[in-house]
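What the coordinates show
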Amino acid sequence: MNQRSTWSFYNTTGAVIPCTARGDPTPIIRWETRDGNPVKDVPGLRHIRPDGSLVFPPFHADNYRQDVHAAVYRCTAANAAGVIGSRDVHVRGSKCISIVYLY
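Let me sum up the structure you'll find in this document. (Residues numbered from 1 in each chain as written. Predicted model: local features only at pLDDT ≥ 70, side-chain atom pairs only at ≥ 80, totals over all residues. Heavy atoms only, no water.)

As for the state of the cysteines
On inspection of all chains with the given rule, the structure shows one disulfide. The side chain of Cys19 participates in a disulfide bridge whose partner is Cys75; the two sulfur atoms lie 1.6 Å from each other. Because the sign of the S-S torsion sets the handedness, a value of about -70° for the bond joining Cys19 and Cys75 places this disulfide among the left-handed ones. A residue pair is termed long-range when its members are at least 10 positions apart, and Cys19 in the loop between strand E2 (15-17) and strand E3 (28-33) and Cys75 in strand E6 (residues 72-79) qualify at 56 residues. For Cys19, a relative accessible area of 1% gives the class buried. (Disulfide = S-S within 2.5 Å. Helix = DSSP H or I, 4+ residues; strand = E, 2+ residues; numbered from the N terminus. Buried < 20%, exposed > 50% of the residue type's maximum accessible area, 1.4 Å probe, protein only.)

Here is the structure:
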């Protein structure tokens, strides 16, 4: 399971948060919100890849959403042997501010 608990990124870079687990039978990876609800794709802002990674692609600053980009997530892996979960993953997406220097 992923051990990093804070992921900060800019809207211009995005982020990929991995979640991997091994077991027999192969575990099913799932992401959930702090309150235990399953994470759903938000087109252009958040999706889960088939490998279990939670992806925040680069986005236009006007599309920033606090419930997506400043939230707490948790990864779980489950199979017949049981369920194991990661620590809370604090996501902090920030708008990149361009600075123009005049000479």
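Continuing now.
Notes on the environment of Gly82
Following the sequence through the fold, Gly82 ends up in strand E7 (residues 82-85). Its relative accessible area of 32% is what places Gly82 among the partly exposed residues. Between the C-alpha atoms of Gly82 and Pro27, which are 55 residues apart in sequence, the distance is 9.1 Å.

A few points about the side chain of His69
Within the secondary structure, His69 is located in helix H1 (residues 66-69). When near neighbours in sequence (up to four residues on either side) are disregarded, His69 contacts Phe9, Leu45, Phe56, Phe59, Asn63, Tyr64, Val91, Arg92 and Gly93. (Contact = heavy atoms within 4.5 Å.)

A short note on the pattern of salt bridges
According to the stated counting rule, one finds four salt bridges in the structure shown. Two residues, Arg30 and Glu32, come together in a salt bridge whose shortest N-O distance is 3.0 Å. We classify Arg30 as partly exposed; its relative accessible area is 36%. Among the residues examined, Glu32 registers a relative accessible area of 12% and is labelled buried. Close ionic contact of Arg74 with Glu32 constitutes a salt bridge, the shortest N to O distance being 3.8 Å. Here the residue Arg74 occupies a position in strand E6, and Glu32 occupies one in strand E3, the gap between them amounting to 42 residues. Each member of the salt-bridge network shares a partner with another, and the members are Arg30, Glu32 and Arg74. (Salt bridge = Lys/Arg side-chain N within 4 Å of Asp/Glu carboxyl O.)

Side note on the nonpolar core
Most often, soluble globular proteins keep nonpolar side chains buried together rather than apart. Grouped together as the largest cluster of nonpolar side chains are 18 residues, with contacts concentrated most on Ile17, Trp31, Leu54, Phe56, Tyr73 and Val91. Taken together, the elements giving at least two residues each to this core come down to strand E1 (6-10), E2, strand E5 (54-56), E6 and strand E8 (89-94). Excluding residues within four positions of it along the chain, Val91 makes contact with Trp7, Phe9, Ile17, Phe56, Val68, His69, Ala70, Ala71 and Tyr73. (Core = buried A, V, L, I, M, F, W, Y, C linked by side-chain atoms within 4.5 Å.)

What about the pairing of E6?
When E3 meets E6, the two strands line up antiparallel, connected through six bridges. Paired with Ile29 across the two strands is Ala77, which belongs to E6. Both E6 and E8 contribute to a ladder of two bridges, which runs antiparallel. Across the sheet, Val72 pairs through a bridge with His90, a residue of E8. Strand direction decides the pairing type here: E6 and E7, joined by four bridges, are antiparallel. Across the sheet, the residue bridging to Ala77 is Ile84, located in E7. (Pairing = 2+ DSSP bridges.)

Any link to function would need more than the numbers given here.
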